[in-house]
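Read off the chains here:
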Amino acid sequence: MTGVAEPILQTKFDELRAQARKTWNGLEREAVIEIVRAADYAAYIMHCSGEGPDSLDEASLDELQLILSGVASALATFLPLMKGGKGLPFGPSTPQVAHWIDSMLFEFGTLARLRRLAAMERYSLARSKMVDATTIRIEMQAGVAELMDVHAGRWLTLETKRRIALMQHPPPDRKYIEGLLDATSSVHDGWFISYEGHQDLREVYRQRAMIEVLGCVEAEALPHEAMIGGRPFAEWRAICVASLERVFNHVAYASRLMTRFPALSIRNLLTVPVLQEDARAVWIEAGDRPGYAKDTISHLALDAQSIGPWQHHHEIPAPFYIDVGDGWFLLPLFGGLLNPVCGLVRTLRLRHMRDWDKAVDGREAYFRNDLRKHFGEPRFHVPDHGMTLRRNDGSHITDVDAAILDRETGSLALVQLKWPDIYGMSPRERESRRLNLLKANDWVDRVAGWIAGRNARQVAKTLGMPDRASESKTPVLMIIPRYAARFTLNDHLDDRACWVAWPEVARMRIEQKRISNPLAELELKFKGGGSLAPYDRPEEVTYKLYDLDVHVSVL
C-alpha cells in the first residue's frame, strides 16, 4: 500500500492533541505560559547562550528544533480553549512541569515534521508506504539543486549583515555594559527578573536589532515607500527593529542576572507577562501615535484566530506578543530570535491583501536597481525600465524586465526578473513558486524566437540601447529569481537561457570582481540551471511514535 503516511500521521496528531487537552483541562492558560517558556528557552539556548549551535551536538540541536517545531500545534491546541479568570496565573515553573511540556512539544514537533514530509507526496517530492502494522517508510526526493540556492541565500544574508554592521557605531566597552546591566537590574520575588533599562544599553541593542532585521529576506518583501495598512513598509520594518531591540535588551539582562545569581532558573527569566494597556503605553512613550499603538501591537501578536495559518503552513510562529486573555499579553523572545520580520510580513499579507497586491508591483523597479548597483556604469549599462518585444505588425510578444550591456566585452543579456512572495516550510507555497518559475520557459521560447539569430549589436539597436554591443556574439538570456532558481532535478529549464538565483549573481559580483566577462561566466555556469554540487546523501532517520516507527530516507 502506498500514500498512507498523511492519514495515519493525522490520526496520531489528533490523538496527541486530545491527550494534551485532557491532561491540561481547566489549566489551558497555564499550558500556554509553559509552552511559551519552553519555546523561549529553546531559542535562547540556540541563539544567545554559550551553549549555542556551535557547541551543541547534532542530536541536542535537533531536539531543540523539534521542540520549536511543535509550538504552532501546541498553541493551536490550547489558545482557543483558554478561559478567563482573575488575573494571570504566572508563577515560577518547576523542573517536572518543564519536562512535561518539553516532552509534549517534542512529540508535537516530531509529528509536525513528519506531516510536512508526508504532505510533499502530493507534489511528487516523496512517497510513503506501510511496511508492516507498526512501520511506515517515507522516501524523499533529493533536494540538491534547491540546497545550492538555499546556501547562496544564506551567504547573501551574512554579507548583508556584515555590510550593515560596518555602518554602525562601535559598541561600548564590555565592562561598561555589564556595569550598567548590574546597576539597573535585580531579582524579583526570589525567582523573577526586574530592571529599569538604560539609554546606552538601548542604543547598543538597537544597533544589533537593525543588523538582524535588515539581514532578513523578509525585510525587503516590499519597496520601502510602499503603503500598506496605512503606513509605508519602511515604518513597519522600523517597528520590527524596535521590537527586537527590546528582546535583545531583555536577553542581556536575563543572561547577566544568571551570572550574578546562578541559582536562578533561566527558564523563569525569559518570558514576561504584561498588561495590554501597559504594552500600548510603551509604544506611545517610544513615539508611536496614540491612535496607532493598538494596531501596531495587533500586527505583532498571536492569538487563537491567527495561530491557524502558522500550523497549516508547517511554520514556527514568530510573534512579539501572545494574547492570553483578560487584558494580558505574554512577551515571548523566540519569535524575535528566530526571525524578527516574518511574523509581521505574514500578517501584512493576510490582513491587507489589496495593499499587498498593489505594493508588490514595485518590486521589479527595486530589483532592476539592484542590478544597476552590481553592473554599474561606466562599464555596464542597465536601462531603468523594462522593454516590450513586438512583431513586425506591432503585436505584443512578451516583455523583457531588464537588459545588461557590457561595454568592454560587447555581451548583452536580456533578463526576466522573478520576485515571488517568500515561502518557508509550506509544500503548497513551494509548489506555487515552482510552477511560477517554470512559466519562464515560455518566455525563453518567445524571446529566442524574436531574436531569430540576430547578434547582440542588432538586438541592442532594436531595443534602443547604447552602441557597444558585439556583432559576433548572440544575446544571453537570463532568468533571475530573487530567491530560488532550481527546485527539483526533474524540472525542465530551457538550456537556451541561464537560470540563476539573485544571491548567486550578487556573490559573483562581490567576490569575483575581476572576471573578464561576467555575463558569459553566468551563462556558462548556470545554463539550464547549471551543474549540481557534490552531495552526500544523508543517513536514514527513524522517528519513534507511540506504537509506530517512521523511517525517512532520501532517494
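Predicted, not measured: the structure shown is a model, and the values here were computed from it.

**Student:** How should the sheet that holds strand E18 (residues 541–545) be read in this particular structure?
**Tutor:** Working definition: the strands of a sheet are paired by backbone hydrogen bonds and lie parallel or antiparallel to each other. Read across the sheet, four strands follow the order E1-E2-E19-E18 without closing on themselves; strand pairing throughout is mixed. For this open sheet the edge positions go to strand E1 (126–132) and E18, each flanked by a neighbour on one side alone. Shown here is a sheet whose adjacent strand axes are inclined to one another by a mean of 20°, direction ignored. As paired strands, E18 and strand E19 (residues 548–554) are joined by five bridges and run antiparallel to one another. Its bridge partner lying in E19, Val541 is registered against Val552. Packing against the sheet, helix H5 (residues 95–119) makes contact with E1, strand E2 (135–140), E18 and E19, and its axis sits at approximately 125° to E18.

**Student:** Hey, could you run me through the pairing of E19 in this one?
**Tutor:** On a regular strand, each side chain points to the face opposite its neighbour's, so the side chains alternate between the two faces of the sheet. With respect to burial, E19 is a largely interior element, five of its seven residues being buried. Direction of pairing for E2 relative to E19: parallel, over a ladder of six bridges. Its bridge partner being in E19, Arg137 is matched across the sheet by His551. The hairpin formed by E18 and E19 contains two residues between the paired strands, and Asp547 there has a positive phi angle of roughly 55°.

**Student:** In this structure, what is going on with helix H12 (residues 293–300)? I would like to understand it.
**Tutor:** Turning to H12, its buried residues number three or more, namely Ala293, Thr296, Ile297, His299 and Leu300. Considered in projection along H12, the buried side chains sweep an arc of 160° and stay on one side of the axis.

**Student:** Would you mind showing me how to read the environment of Leu27 here?
**Tutor:** In this structure, Leu27 sits in the loop between helix H1 (5–23) and helix H2 (28–47). Between the C-alpha atom of Leu27 and that of Leu81, which follows or precedes it by 54 residues, the distance is 9.5 Å.

**Student:** Where do I start with the packing of H1 against H5 in this structure?
**Tutor:** Two quantities define a packed helix pair, namely the angle between the helix axes and the distance between the axes. Where H1 meets H5, the axes come as close as 9 Å, and the angle between the chain directions of the two elements is 160°. With respect to each other, H1 and H5 are oriented roughly antiparallel. As H1 packs across H5, the resulting crossing turns out to be left-handed. Contacts from Ala5, Glu6, Leu9, Gln10, Lys12, Phe13, Leu16, Arg17 and Ala20 of H1 reach H5 at Met104, Glu107, Phe108, Leu111, Leu114, Arg115, Ala118 and Ala119. For the contact of H1 with H5, the residue count by class is 11 nonpolar, one polar and five charged.

**Student:** In this structure, what is going on with the pattern of salt bridges? I would like to understand it.
**Tutor:** A side chain of one charge can pair with a side chain of the opposite charge when the charged atoms of the two come close. According to the stated counting rule, one finds 45 salt bridges in the structure shown. Between Glu408 and Arg379 there is a salt bridge whose closest N-O contact spans 3.6 Å. With Glu408 in the loop between strand E14 (402–406) and strand E15 (412–418) and Arg379 in the loop between helix H17 (363–374) and strand E11 (380–381), this residue pair connects regions lying 29 residues apart in the sequence. Residue class for Glu408 comes out exposed when judged on its relative accessible area of 60%. Classification of Arg379 as buried rests on a relative accessible area of 18%. Between Glu511 and Arg507 there is a salt bridge; the shortest N-O distance is 3.2 Å. On the criterion of helical spacing, the pair formed by Glu511 and Arg507 is a turn pair, its members being four residues apart in helix H21 (residues 502–511). Residue classification places Glu511 among the partly exposed positions, given a relative accessible area of 46%.

Rules used throughout
- All residue numbers refer to position in the chain's written sequence, counted from 1.
- Predicted model: local features are reported for residues with pLDDT of at least 70 only, side-chain atom pairs are reported and counted for 80 or more only, and whole-chain, interface and lining totals are derived from all residues.
- Hydrogen atoms and water are omitted, and side-chain values are computed over all heavy atoms in the structure.
- We call two strands paired when DSSP finds no fewer than two bridges between them.
- The secondary structure listing takes helices from DSSP runs of H or I that are at least 4 residues long and strands from runs of E that are at least 2 residues long, numbered from the N terminus.
- In this analysis, axes come from line fits to C-alpha atoms, helices being fitted only over the stretch in contact, and the angle between any two N-to-C directions falls in the range 0 to 180 degrees.
- In what follows, a contact means two residues having at least one pair of non-hydrogen atoms within 4.5 Å.
- Buried means the residue's accessible area, taken with a 1.4 Å probe over protein chains only, is under 20% of the maximum for its type, while exposed means over 50%, and partly exposed covers the values in between.
- Throughout, the arc means that of the directions going from the helix axis to the C-beta atoms.
- Convention used here: angles under 35 degrees read as roughly parallel, angles over 145 as roughly antiparallel, angles from 65 to 115 as roughly perpendicular, and any remaining angle as oblique.
- Helix crossings fall into two classes, left-handed where the near helix is turned counterclockwise from the far one by less than a right angle and right-handed where it is turned clockwise.
- Ten residues, namely Ala, Val, Leu, Ile, Met, Phe, Trp, Tyr, Cys and Pro, are considered nonpolar, four, namely Asp, Glu, Lys and Arg, are considered charged, and the remaining ones, Gly among them, are considered polar.
- Throughout this description, the term salt bridge denotes a Lys or Arg side-chain nitrogen within 4 Å of a carboxyl oxygen of Asp or Glu.

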